[in-house]
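The chain contents come next:
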Amino acid sequence: MEATDHQHHKFQRHMESIRQEDEAAYRWLMRHDPKKWTLHADGGRHWETLTTNVSESFNELLKLARGLPVTAIVRMSFKQMAERFVERSAVATSLMERGVDFMPVPMKRFEKYRRRAHWRSFLQYDNERNIFEVRTAIHRNRGNNVHTVNESTRLCSCGKWSIYHIPCSHDIKCFQKVGLGITNYVDQQYSVAKYLNTYSGQLQLVGVEHYWPPKPFKMVCNKSYLCRIQVQKRTRIRNQMDVSDTIYVRRCGICSQTGHDRRKCPLGGNSNQARGGCSSIVPNYQ
């Protein structure tokens, strides 16, 4: 929770609760630079994307390639990458043809902030620089928080505008009242044009191996990394649970009895014995 806090005082409050629970955990966290793992100190450089989120996104792409040979992993990862480029490029092209300016995912957050802006009240302090003071509504003993919005520097004291690069509910409330276009403050990196430009590159075909250019190096196998094939020895004693149920249905081709086949027939390969007469000469195993 403390990593996703937008404000410094909330981060300090959560860290203090961790300190009361576990002093060692608190010291371990504070040894790391907060700019690398918290949102409030990030300054908007990571655009809300934490390192773990990027890793999980890459793992999702290669999830189906786990446990396969190296060649299969390379082919599958390349195939998924090519499919992703084609699919997302088609989605962006369709949105642009319909006249959509921004991608749906960031606009969901924008619409959520616009709905919240209805419950905000503001007071304008500076007409030239557009500086406002915004107060949130009281609901269930929460709210009544005061934030400062500066349109010239594009900053809000809640921290969300600089982290997400999307106007928060405090900014939207002020800009709507003074007649400023709120969508003009959404960063262009969220636009459909920028998204289409990301997936506009072309992947080169691999082709057949016979037409590949000669490699400038020689592949040498390191035999120390080779795995030795070993037969696993089982020490468990086999019993009736290891015998398939079909063995009790299948009949022997020599004596027509169930429970064994030609290889284990008590009559063996003696063709002079009549079928079904093996019960009289079954050897005594006692």
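So, a few notes on the structure that sits alongside this text. (Residues numbered from 1 in each chain as written. Predicted model: local features only at pLDDT ≥ 70, side-chain atom pairs only at ≥ 80, totals over all residues. Heavy atoms only, no water.)

1. A few points about a nonpolar patch on the surface
Thought 1: Together, Phe78, Met81, Leu203, Val206 and Trp212 line one region of the surface with nonpolar side chains, adding up to about 420 Å² of accessible area.
Thought 2: Within the element layout of this structure, tryptophan 212 appears in the segment after helix H8 (192-198). (Patch = residues over 30% accessible without salt bridge, like charges linked within 9 Å, V, L, I, M, F, W, Y side chains within 5 Å. Areas by Shrake-Rupley, 256 points an atom, 1.4 Å probe, with all protein chains shown as cover. Salt bridge = Lys/Arg side-chain N within 4 Å of Asp/Glu carboxyl O. Helix = DSSP H or I, 4+ residues; strand = E, 2+ residues; numbered from the N terminus.)

2. Some details on empty space enclosed by the protein
Thought 1: Tallying each qualifying case throughout the model produces one cavity of 30 Å³ or more.
Thought 2: Its boundaries defined by the atoms lining it, the largest cavity holds a volume of some 30 Å³.
Thought 3: Looking at the largest cavity, the residues that line it are Tyr113, Arg116, Arg120, Lys160, Cys168, Ser169 and His170.
Thought 4: Looking at the lining of the largest cavity, the elements that each hand over two or more residues are helix H5 (104-116) and helix H7 (169-178).
Thought 5: For the lining of the largest cavity, a count of residues per class yields two nonpolar, two polar and three charged. (1 Å grid on protein atoms, 1.4 Å probe; cavity = no way out; pocket = protein on both sides within 12 Å on 5 of 7 lines; lining within 4 Å. Points joined across faces, edges and corners; volume = space filled by probe spheres on them. Nonpolar A, V, L, I, M, F, W, Y, C, P; charged D, E, K, R; others polar.)

3. Focus: H5
Thought 1: Between the first and last C-alpha of H5 there are 19 Å, a value that for 13 residues agrees with the 18 Å anticipated at 1.5 Å per step.
Thought 2: Turning to H5, its buried residues number three or more, namely Pro106, Met107, Phe110 and Tyr113. In a view along the axis of H5, the buried residues occupy a sector of 115 degrees, so they form one face of it. Opposite the packed face of H5, turned more than 90 degrees from it, sit the exposed residues Val105, Lys108 and Arg115.
Thought 3: Each element contacted by the buried residues of H5 is listed here: helix H6 (160-164) and H7. (Expected span 1.5 Å × (residues − 1). Buried < 20%, exposed > 50% of the residue type's maximum accessible area, 1.4 Å probe, protein only. Arc of directions from axis to C-beta. Contact = heavy atoms within 4.5 Å.)

4. Details of the packing of aromatic side chains
Thought 1: Across all of its chains, the model carries seven aromatic pairs by this definition.
Thought 2: Measuring from centroid to centroid gives 5.2 Å for phenylalanine 85 and tyrosine 199, while their planes differ by 75 degrees, and the two rings are edge-to-face. One end of the pair, phenylalanine 85, is in helix H4 (residues 70-97); the other, tyrosine 199, is in the segment after H8, and 114 residues separate them in sequence. The burial state of phenylalanine 85 is the same as that of tyrosine 199; both residues are buried.
Thought 3: Here tyrosine 195 and tyrosine 199 contribute two aromatic rings whose centre-to-centre distance is 5.3 Å and whose plane-to-plane angle is 50 degrees, an arrangement assigned as tilted.
Thought 4: With a relative accessible area of 14%, tyrosine 199 lands in the buried category.
Thought 5: Through successive ring pairs, a cluster of aromatic residues spans Phe85, Tyr195 and Tyr199.
Thought 6: In this structure, arginine 109 packs its charged tip against the face of tyrosine 164, placed 3.9 Å from the ring centre. (Phe/Tyr/Trp six-rings, centres within 6.5 Å; stacked < 30°, edge-to-face > 60°. Lys NZ or Arg CZ within 6 Å of the ring centre and 35° of its normal.)

5. Quick notes on the pattern of salt bridges
Thought 1: The tally for this structure, following the rule as stated, stands at four salt bridges.
Thought 2: Between glutamate 83 and lysine 79 there is a salt bridge, with the nearest N and O atoms lying 2.6 Å from each other. Taken together, the residues span about one helical turn, with glutamate 83 and lysine 79 both in helix H4 at a distance of four residues.
Thought 3: Glutamate 83 gets classed as partly exposed once you look at its relative accessible area, which sits at 42%.
Thought 4: Residue lysine 79 is classed as partly exposed on the basis of its relative accessible area, which comes to 48%.
Thought 5: Of the charged contacts in the structure, one is a salt bridge between glutamate 111 and arginine 114, with a shortest N-O distance of 2.5 Å. Taken together, the residues span about one helical turn, with glutamate 111 and arginine 114 both in helix H5 at a distance of three residues.
Thought 6: Under the relative-accessibility criterion, arginine 114 is labelled partly exposed at 33%.

6. Focus on the packing of H5 against H7
Thought 1: As a packed pair, H5 and H7 sit with axes 8 Å apart at the nearest point and diverge in direction by 65 degrees. Crossing handedness for the pair H5 and H7: right-handed. Contacts between H5 and H7 involve Phe110, Tyr113, Arg114 and Arg116 from the former and Ser169, Ile172 and Gln176 from the latter.
Thought 2: By residue class, the composition of the contact of H5 with H7 is three nonpolar, two polar and two charged. (Axes fitted to C-alpha atoms, helices over the stretch in contact; angles between N-to-C directions. Left-handed = near helix turned anticlockwise from the far one by under 90°.)

7. Some points on the sheet that holds strand E1 (residues 120-126)
Hydrogen bonds between backbone groups are what pair the strands of a sheet, and the pairing can be parallel or antiparallel.
Thought 1: Taken in spatial order, the four strands line up as E1-E2-E5-E6 in an open sheet, and their pairing is antiparallel. Each of the sheet's edge strands pairs with one partner strand only, and the pair in question is E1 and strand E6 (155-156).
Thought 2: Pairing analysis gives six bridges linking E1 to strand E2 (residues 131-136), with the strands arranged antiparallel. Looking at E2, one finds that serine 121 is bridged to arginine 135.
Thought 3: Each of E1, E2, strand E5 (146-150) and E6 touches H7; the most contacted strand, E1, lies at about 65 degrees to it. (Pairing = 2+ DSSP bridges.)

8. So, the packing of helix H1 (residues 8-21) against helix H2 (residues 23-30)
The packing of two helices is summarised by the inter-axis angle and the distance between the axes.
Thought 1: Here H1 crosses H2 at 135 degrees, and the two axes come no closer than 5 Å. What the angle tells us is that H1 and H2 run oblique. In this structure, H1 uses Met15, Ile18, Arg19 and Glu21 to contact H2, whose residues at the interface are Glu23, Ala25, Tyr26, Leu29 and Met30.
Thought 2: Each residue belonging to the contact of H1 with H2 can be placed in one class, and the counts come to six nonpolar, no polar and three charged. (Parallel < 35°, antiparallel > 145°, perpendicular 65-115°, else oblique.)

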